[in-house]
Amino acid sequence: TGPMSSECLGNLLRITLSAEYFENEYVSFSVVDQSGTAWELDEAMAAQCGYRVTYSTWSSIEFRASALSCHAHLEKDVFTVTVQIKASPTPDMSNATTHLKSASCHYGLWSPRELICESNYMEVSVRREVPQTIKDFVQDEPEDWTLVFPEAKTEEASIWQIVFHQPEEKRALLVSNAWSAGYGLNATDSRVLLRVPYTTAQVQLVEVGVLLLAQPATRLCRSNQMSSLQDQGITFSVLRSSTFYKYQWVILMVDTAVACPVDGVDYTNKTITWTVPKYIPPLSAGVTGFKDVLVEAGVDLQKLSAKEMASRKYVLLNELNEITMKIPVGAEGGYYKTSVNNGQLGTKYSINLFLEHQWEDNKWGLTKHTIIKEIETPFEQAEVAITNNLNLSERLMNVTVGTFLPDVELVNLTFEGVAVAVPDAVQHGCLIHRARYANGSKAFVIQVPLDASSVKKEYMSEDMRAYTLNVTLTFITHPSSETFVIPVIALSAVKDAVLPSARGFCDGRNLHLIITHGNVDQNWLPFISDWHLTPEAAQKYNYSLRDNGTHLAISVPFISSHVNYEGFHTSAIKASFYLTLKDGITLARRRDFSVSCIFSPSELIQCLPNGTVIITAIKLVGDEDLDTGLLVLRDRQCKPSQVTEKMATFKFNVNTCGTSRKFNGTTMTYENEVLYFRPGNDTPIYQLKFLCLYAVEQTVDVRYESKKSPSPSIKPESGCLALSLKLFKEKSYTEPYQESEYPVVKYLREALYFEVELLQPKDARLDLNLDDCWATNSQSQDSLPQWHILIHGCENNKDSYRTVFHKVNYSLRVKFPQHLKRFEVRMLAFVLGTSLLQE
């Protein structure tokens, strides 16, 4: 109970840290010696001094210490180890909490030779032979040793040196040099110890075959009597050495050879098979007899009975020449852990087996060989399930990713190339939940509103919209700190599409379409056939195109290049305007709209008071092959003055181009027609007749005689003129501000577009000229101060931004261009000193 617990396992002590207590903590270990000094543990020190720290994914952190570890306090048959653990929420170990754990274990069953094969070191300890003391023997003095063997110093305990037996040579190291090389040496009152990290220079890899012993099994055959050797041996990590220690005036030597298997594991048919030879030649130099005493095995240093092994479906085979353990992958006692291979997610099954083999021989008597084998199966790729549970009532996407093992943690999410830490995902509309299951596994649930910015919305068809969450999740594994990513693309189809709708109308001169936006057309573009209707293109054709975010308004003049004409009659023309909304990315057709209106043919004819006729001939639907450039009047020499693909404009006097006239007392009627002839054919296939009627108020007899005309003169007269002054929104002078829009807010130096029009009388002989024009600070034209915009018809040369005149051209709206004046003024403000008189 509590954050730590200890357990005595023969000649090993285990201290376990609670996973729940130390979850999400960074942990460091130090070993405390008898003087109270704490020695911080790293990998090299752990291997040299007999310690091992393992991180078990499913349970906890484990610290193991040998009974003869460097800082253990050994008294009689009890060894005590004290550990200091620091835990911190940050890797720099700041604000760490310190825990102290001391544990003692009794171990009184020492064999003459004991070997431990830990995961990071090999250890051999042998009984120390103490020769009998001769009566009256003179005890040696330190200086006597120095005279004979200068290398043998008293401060090096009782071990003098160690000799390594290698095939090419023997190499002797004093104790201090052996420590510097990474070896651990110690001598107690009863034992001599050598500890060897697997990485030390003198360690050799030796292949040991499984020897088939001749009968009787208690006798070991010599090498020339071997019956056979398996083709494939098992590799051992081997160190052959002799350790010299002194006792009084005697130098004694013990064999401290050690050997541990580094392979021998096979993975077939979802079964782990671990094979260890019984007879290991490097440990049996000079041995002539061999006898099995005991074979025991287990998991996590816990010995298991035959019944317990059977319940877990373990198999332990104690055969003549080898010991074999068979463990089903996934069996109780092991655990799965997450693994990453080339960015791919997978799993490995891990189990910590151990084997204890005791045998007797004529050299050592009893040898106990304890092998701890941390086994990990090969990488097996895993698929990650991704499910999307749409909550329509709350308009939420609930995307579940997983399940994962407990050693996996989600660290960030990437939206469109931007990585976001899990706590900050809420800023993108994402809530992250962890779903934990009874077996310890977990899944991650991403909850995102359909309307979040991180969810892409796309129109599908009819009333369906596609909602797509495209996010990449980055995970990390503990404690290995491997990372892997999982792209998540969750798609939901929802019947919530609101398509744009439209209404159309005409005002006698223009066709209007007002399109109400839906929720799917944010990126749809207006097209006339294959021509993209941009604001710049609309202005070129004198169209009006406005979009206020909720509505798209389009106005097209009746006489326009993009209007279709059909159903021509003497009393009416049907004009139609077609508009298509296309996807802004794929240009796929999304919606078609149209507006059709009936116009009077008189809209095509202008009979000016001066006898000039302007007629516009239009191409009708069905006349696609008609070339408007070949249209003529009755007098075929009269050709159009302006031609487009769909229309031709003629401008002529009523007394020309074959125009006939008829007088009926009160009116004079002029008649002509627009004709189209196919080449070589005198029968017209297109005929547009038109009339101009002029009222005749009276007839008089006029006597005419030629005389010199007097020079023209202008006589001032008084009379009533009806004028208008309008402010327009833009330079095209197509849309004036309406009464409801006043007062109009403008800022300094913004352009104001004014138009002055003579409304009455409609006399083509009159010209409108502007004399003086000024601005005041109030609605009274006589108020002060005043600023002159025009002086005697000219711009004010004292103005920093002079008035600009705009030319007025003839159009359907403007019958008499000479009756209008248009000018542009920059917005100004009245000041007194440095103070504004009015905003």
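Residues numbered from 1 in each chain as written. Predicted model: local features only at pLDDT ≥ 70, side-chain atom pairs only at ≥ 80, totals over all residues. Heavy atoms only, no water.

**Here's the deal with the overall build of the protein**
When its secondary structure is counted, the protein shows five helices and 64 strands. Of the contacts made within the protein by residues no fewer than 6 positions apart, 59% connect residues no fewer than 24 positions apart. (Helix = DSSP H or I, 4+ residues; strand = E, 2+ residues; numbered from the N terminus. Contact = heavy atoms within 4.5 Å.)

**Looking at the packing of aromatic side chains**
Working definition: an aromatic ring pair is given by the centre-to-centre distance plus the angle between the planes. Within this structure, the stated rule accounts for 24 aromatic pairs. When the ring of phenylalanine 444 is compared with that of phenylalanine 475, the centres are 5.6 Å apart and the planes differ by 55°; the resulting orientation is tilted. Here phenylalanine 444, found in strand S36 (residues 442–449), pairs with phenylalanine 475, found in strand S38 (residues 464–477); they are 31 residues apart in sequence, far enough to count as distant. Classification of phenylalanine 444 as buried rests on a relative accessible area of 0%. (Phe/Tyr/Trp six-rings, centres within 6.5 Å; stacked < 30°, edge-to-face > 60°. Buried < 20%, exposed > 50% of the residue type's maximum accessible area, 1.4 Å probe, protein only.)

**Comments concerning the sheet that holds strand S40 (residues 501–506)**
Strand pairing in a sheet relies on backbone hydrogen bonds, with the paired strands running either antiparallel or parallel. Spatial strand order, S40-S41-S45-S44: four strands in an open sheet with antiparallel pairing. Sheet topology places S40 and strand S44 (544–547) at the edges, where each strand pairs with a single neighbour. Put simply, the sheet's adjacent strands are angled 10° from each other on average, direction ignored. Two strands pair when backbone bridges link them, and S40 and strand S41 (residues 510–516) are joined in this way by six bridges, in the antiparallel orientation. What sits directly across from cysteine 506, in S41, is leucine 511. (Pairing = 2+ DSSP bridges. Axes fitted to C-alpha atoms, helices over the stretch in contact; angles between N-to-C directions.)

**Things to note about the pairing of strand S13 (residues 170–174)**
Along any regular strand the residues' side chains alternate between the sheet's two faces. Bridge analysis of strand S12 (residues 159–165) against S13 gives five bridges, and the strand direction is antiparallel. Looking at S13, one finds that phenylalanine 164 is bridged to arginine 171. Counting the residues between successive antiparallel strands, the hairpin from S12 to S13 contains four residues.

**A short note on the side chain of threonine 468**
Along the polypeptide, threonine 468 turns up in strand S38. Contact partners of threonine 468, with chain neighbours within four places excluded, come to Ser454, Val455, Lys456, Ile489, Ala490 and Leu491.

**Things to note about the state of the cysteines**
Taken as a whole and assessed by the stated rule, the structure comprises six disulfides. At a sulfur-sulfur separation of 2.2 Å, the disulfide partner of cysteine 49 is cysteine 70. Residues cysteine 49 and cysteine 70 are joined by a disulfide whose S-S torsion is about -90°; by sign, that bridge is left-handed. Pair noted here: cysteine 49 is in helix H1 (residues 43–49) and cysteine 70 is in the loop between strand S6 (61–66) and strand S7 (73–75), with a separation of 21 residues, a long-range link. Overall, the relative accessible area of 29% leaves cysteine 70 in the partly exposed class. There is a disulfide in this structure between cysteine 607 and cysteine 692, and the S-S distance comes to 1.8 Å. What sets the handedness of the cysteine 607 and cysteine 692 disulfide is the S-S torsion sign, and at about -80° it is left-handed. Pair noted here: cysteine 607 is in strand S49 (residues 605–607) and cysteine 692 is in strand S55 (residues 686–695), with a separation of 85 residues, a long-range link. The exposure class of cysteine 607 is partly exposed, given its relative accessible area of 32%. Classification of cysteine 692 by relative accessible area gives buried; the value is 1%. (Disulfide = S-S within 2.5 Å.)

**Here we look at the nonpolar core**
Of all hydrophobic cores here, the largest spans 54 residues; its most connected members are Ile327 and Ile351. At five residues, the largest contribution of residues to this core is made by strand S28 (residues 344–361). The residues contacting isoleucine 327, other than those within four sequence positions of it, are Lys270, Thr271, Ile272, Tyr314, Tyr349, Ile351 and Leu353. (Core = buried A, V, L, I, M, F, W, Y, C linked by side-chain atoms within 4.5 Å.)

**With respect to the side chain of arginine 465**
Along the chain, arginine 465 falls in strand S38. A polar atom in the side chain of arginine 465 sits 3.2 Å from the side chain of aspartate 496. At 2.9 Å, the side chain of arginine 465 forms a polar contact with the backbone oxygen of asparagine 519. (Polar contact = N/O pair within 3.5 Å; in protein donor to acceptor, adjacent residues only side chain to side chain.)

**Brief notes about unusual backbone geometry**
Residue proline 761 is reached from glutamine 760 by a cis peptide bond, and omega for that bond is 0°. Turning to its location among the elements, proline 761 is positioned in the loop between strand S57 (751–760) and strand S58 (773–776). The residue after leucine 784, namely proline 785, is reached through a cis peptide bond having omega 0°. Relative to the helices and strands, proline 785 is located in the loop between S58 and strand S59 (786–791). Even without glycine at this site, leucine 301 takes up a positive phi of about 65°. With respect to the helices and strands, the residue leucine 301 is situated in the loop between strand S23 (290–299) and strand S24 (302–303). Despite not being glycine, asparagine 542 has its phi angle at roughly 65°, a positive value. You can call asparagine 542 partly exposed: its relative accessible area is 44%.

**As for the pairing of S57**
Counted residue by residue, S57 has eight buried out of 10 residues, so it is predominantly covered. Examined bridge by bridge, strand S56 (residues 722–728) and S57 share seven bridges and lie antiparallel to one another. By the bridge assignment for S57, leucine 725 is matched with valine 756. Both S57 and strand S62 (residues 820–826) contribute to a ladder of seven bridges, which runs antiparallel. In the sheet register, tyrosine 753 faces S62, and the bridge partner there is glutamate 824.

**Here's the deal with the sheet that holds strand S1 (residues 4–9)**
Read from one edge to the other, the open sheet built from four strands follows the order S1-S2-S6-S5, with strand pairing classed as antiparallel. Two strands lie at the open edges of the sheet, namely S1 and strand S5 (51–55), each paired on one side alone. For this sheet, the mean inter-axis angle between neighbouring strands, taken without regard to orientation, is 20°. As paired elements, strand S2 (residues 12–17) and S6 share six bridges and run antiparallel to each other. Across the sheet, the residue bridging to threonine 16 is glutamate 62, located in S6.

**Observations regarding the confidence of the model for the protein**
In the predicted model, the protein carries a mean pLDDT of 86, and the fraction of residues at 70 or more is 90%. Here residues 142–157 is modelled with pLDDT under 50, and outside its nearest four sequence neighbours on either side it reaches 20 contacts, counting other chains as well. Note on residues 212–231: pLDDT under 50 across the span, and 27 contacts to partners over four residues away in sequence or across chains. (pLDDT = per-residue confidence, 0-100.)

**Quick notes on the pattern of salt bridges**
According to the stated counting rule, one finds 35 salt bridges in the structure shown. Between aspartate 625 and arginine 678 there is a salt bridge; the shortest N-O distance is 3.6 Å. Residue aspartate 625 is found in the loop between strand S50 (612–618) and strand S51 (642–643), and its partner arginine 678 is found in the loop between strand S54 (667–676) and S55; the two are separated by 53 residues along the sequence. Taking relative accessible area as the criterion, aspartate 625 reaches 56% and is therefore assigned exposed. Residue class for arginine 678 comes out partly exposed when judged on its relative accessible area of 40%. Each member of the salt-bridge network shares a partner with another, and the members are Glu7, Arg14, Arg52, Glu62, Arg64, Glu118 and Glu374. (Salt bridge = Lys/Arg side-chain N within 4 Å of Asp/Glu carboxyl O.)

**Examining the environment of glutamate 207**
Topologically, glutamate 207 is positioned in strand S16 (residues 204–208). As a C-alpha pair, glutamate 207 and phenylalanine 236 span 29 residues in sequence and 6.1 Å in three-dimensional space. Not counting residues up to four positions away in its chain, the partners in contact with glutamate 207 are Gly233, Ile234 and Thr235.

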